[in-house]
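If you want the building blocks of each chain, they are given just below.
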Amino acid sequence: MTAPTPRPEILTIAAYVGGESKVEGVNRILKLSSNEGAFGPPVSAQEAFRQVAAEIHRYPDGGSGALRRAIGARFGLDPERIVCGTGSDELIQHICHIYGGPGADIIMTMHGFTMYQIAGTYAGSRVLKVPERDLTADVDLILAAVTPATRIVFLANPNNPTGSLLPEEEMARLRRDLPPEVLLVIDAAYAEYVTDPGYDPGIALVDAGDNTIMLRTFSKVFGLGGMRVGWAYGPPAVIDAINRVRGVFNVNIAAQAAAVAALAEPGWVERSVAHNVEWRGRLSAALEALGIKVWPSHGNFFLADFATAARAKRADAFLRGRGIIIRGMAAYDLPHCLRITVGTAEECTLVADALTTFMSARPADGETDG
Ligand SMILES: *Cc1c(COP(=O)(O)O)cnc(C)c1O
């Protein structure tokens, strides 16, 4: 007897490990490991969620029509060129299967979002990780990695977990110099947090051709990670292809209602961004004052660089002991770094206090920073 066998590449995939939310023996947890917005879900989204409860025997609108129209109105986009997904993760998977596959290479950067690697490998593609410079994508290095087999380039801008941002001219140069048959996927999951005046989340490049798609999500600034809603804006032919293969009822009825309501919550994004700028700045400054290097970030998180993997690990364990969960970066090949989500004012203060204690304590016997 032989057992069912997955395709060999499936077993090369390391399952995605999300941010943890529990620590054994600790009651009060500060979860700063998944870049969920600092303010919880918008009140209007919670209300919409409760209201829809009496309707959950109904199938949702399979085309997420009202949600696409609300997104279109909010961002000035044609709803016909938008497709919604069960988080943008679902859309990443479809893109890999539609445009990738055996014999088709997919390019991402060294410290890019791991979902690209998982989805690309699942589709049967080879996924190439291109080196970065100073934890920032480098257009020349990406272009140098392109071969006739390249079909997709994934780039998050700002990038998670590094927080780095490529300027608009560099994004435009990347698009211009990529072969036209290569789909450029601009993942703008953190777009709302960017305050740089010249920033475009990818809309201009989508509009300028038929080979660029932009991904967005309700999981970060809109505080709806548990609802699983993402969306893409792209060329009609790409949106059409995704619509042919996506889950027919991929975005559930509660998720659609909550997302529409979140978009309408007055001042939500403005308040979230103002808070993020203030507390990302304050917490970064506090860490730098302690001698911890902080990588500049354009998202609602940043990398704290402890110089050695051993020290990062000790800091992580120390914080955990106080119920503070942040994200270890070994899976991103940055074992000397920890990624910290910008939480509430109180949460940021507690992180700063805990790291102050950590940095002032000498390593216990047998623990070194080597
Ligand atoms: C969080 C995140 C996503 C998306 O998430 P969904 O919850 O699936 O919408 C996509 N890309 C990046 C870079 C992210 O950090």
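The coordinates are above.
For clarity, every value in this text was computed on a predicted model and none was experimentally measured.

Peer 1: Just to check I follow, could you spell out the overall build of the protein chain for this structure?
Peer 2: From N to C terminus, the protein chain includes 12 helices and 13 strands. The globule rule puts the C-alpha radius of gyration for 370 residues at 21 Å, and the 21 Å found for the protein chain is close to it. Counting only C-alpha atoms, the protein chain reaches 60 × 60 × 50 Å along its principal axes. Taking all 370 residues of the protein chain together, 53% fall into the buried category. Across the protein chain, contacts joining residues at least 24 apart in sequence account for 75% of those joining residues at least 6 apart. Accessible area for the protein chain stands at about 16,300 Å²; split by element, carbon and sulfur atoms hold 56% of it. Once the 34 positive and 41 negative side-chain charges of the protein chain are each reduced to a mean point, those two points are 3 Å apart.

Peer 1: Hey, could you run me through the sheet that holds strand E4 (residues 126-130) in this one?
Peer 2: The strands making up a sheet associate through backbone hydrogen bonding, with each pair oriented either parallel or antiparallel. Here we have seven strands laid out as an open sheet, ordered E2-E8-E7-E6-E5-E3-E4, and mixed in their pairing. The strands lining the two open edges of the sheet, one partner per strand, are strand E2 (82-85) and E4. On average, each strand axis in the sheet is inclined to that of its neighbour by 20°, with strand direction left out of account. For strand E3 (residues 105-109) and E4, the ladder comprises five bridges, and the chain directions are parallel. Across the sheet, the residue bridging to Ile 107 is Leu 128, located in E4. On top of the sheet, helix H6 (residues 168-177) reaches strand E5 (150-156), strand E6 (183-187) and strand E7 (212-217); it is set at about 160° to E6, its chief contact.

Peer 1: I'm lost on the pairing of strand E8 (residues 230-233) in this one. Help?
Peer 2: For a regular strand, the rule is simple: side chains alternate between the two faces of the sheet. Neither face of E8 is left uncovered, since the one carrying Gly 230 and Ala 232 and the one carrying Trp 231 and Tyr 233 both have all their residues buried. Sheet topology note: the E2/E8 ladder contains four bridges and is antiparallel. The residue bridging Val 83 from the neighbouring strand is Ala 232, located in E8.

Peer 1: Help me understand the site of the ligand, please; the structure alone is not making it clear to me.
Peer 2: Near the ligand the following residues occur: Gly 87, Ser 88, Asp 89, Phe 113, Asn 160, Asp 187, Ala 189, Tyr 190, Thr 217, Ser 219, Lys 220 and Arg 228. One nitrogen or oxygen atom from the side chain of Asp 187 is found 2.6 Å from a nitrogen atom belonging to the ligand. Here an oxygen atom of the ligand and a side-chain polar atom of Tyr 190 are 2.7 Å apart. Here the element with the most residues in the shell around the ligand is helix H3 (residues 87-99); it accounts for three residues.

Peer 1: Honestly, the environment of Asp 177 in this entry has me stumped. Any pointers?
Peer 2: Its place among the elements puts Asp 177 in helix H6. Through-space distance from the C-alpha of Asp 177 to that of Val 139 is 9.3 Å; in sequence the pair is 38 residues apart.

Peer 1: What should I look at first to understand the pattern of salt bridges in this one?
Peer 2: When the charged atoms of two side chains lie near each other, side chains of opposite charge can form a pair. A full pass over the atoms with the stated rule returns 15 salt bridges. In this structure, Asp 240 engages Arg 244 in a salt bridge whose closest nitrogen and oxygen atoms are separated by 2.9 Å. Of this pair, Asp 240 and Arg 244 both sit in helix H8 (residues 236-245), four residues apart, which is roughly one turn of the helix. Taking the relative accessible area as the measure of exposure, Arg 244 reaches 65% and is therefore exposed. Among the ionic pairs, Arg 320 bridges to Asp 316, the shortest N-O distance being 3.9 Å.

Peer 1: Would you mind showing me how to read the packing of helix H11 (residues 309-321) against helix H12 (residues 345-360) here?
Peer 2: The axes of two packed helices give the description: the angle between them and the distance between them. Packing of H11 against H12 leaves a shortest axis separation of 10 Å and a crossing angle of 130°. Of the possible angle classes, the one that applies to H11 and H12 is oblique. Crossing handedness for the pair H11 and H12: right-handed. Between H11, through Arg 311, Arg 314, Ala 315, Phe 318 and Leu 319, and H12, the contact on the second element is made entirely by Ala 354, Leu 355, Thr 357, Phe 358 and Met 359.

Peer 1: Would you take a moment to explain a nonpolar patch on the surface for this structure?
Peer 2: Together, Tyr 59, Val 248 and Phe 249 give the surface a local cluster of nonpolar side chains, amounting to about 370 Å² of exposed area. Mapping Val 248 onto the fold places it in the loop between H8 and helix H9 (253-264). A relative accessible area of 58% places Val 248 in the exposed class.

Criteria and thresholds
Residues numbered from 1 in each chain as written. Predicted model: local features only at pLDDT ≥ 70, side-chain atom pairs only at ≥ 80, totals over all residues. Heavy atoms only, no water. Helix = DSSP H or I, 4+ residues; strand = E, 2+ residues; numbered from the N terminus. Rg over C-alpha atoms; globule rule 2.2 N^0.38 Å. Buried < 20%, exposed > 50% of the residue type's maximum accessible area, 1.4 Å probe, protein only. Contact = heavy atoms within 4.5 Å. Areas by Shrake-Rupley, 256 points an atom, 1.4 Å probe, with all protein chains shown as cover. Lys, Arg positive; Asp, Glu negative; His and termini not counted. Charge placed at Lys NZ, Arg CZ, Asp CG, Glu CD. Pairing = 2+ DSSP bridges. Axes fitted to C-alpha atoms, helices over the stretch in contact; angles between N-to-C directions. Near = heavy atom within 4 Å. Polar contact = N/O pair within 3.5 Å; in protein donor to acceptor, adjacent residues only side chain to side chain. Salt bridge = Lys/Arg side-chain N within 4 Å of Asp/Glu carboxyl O. Parallel < 35°, antiparallel > 145°, perpendicular 65-115°, else oblique. Left-handed = near helix turned anticlockwise from the far one by under 90°. Patch = residues over 30% accessible without salt bridge, like charges linked within 9 Å, V, L, I, M, F, W, Y side chains within 5 Å.

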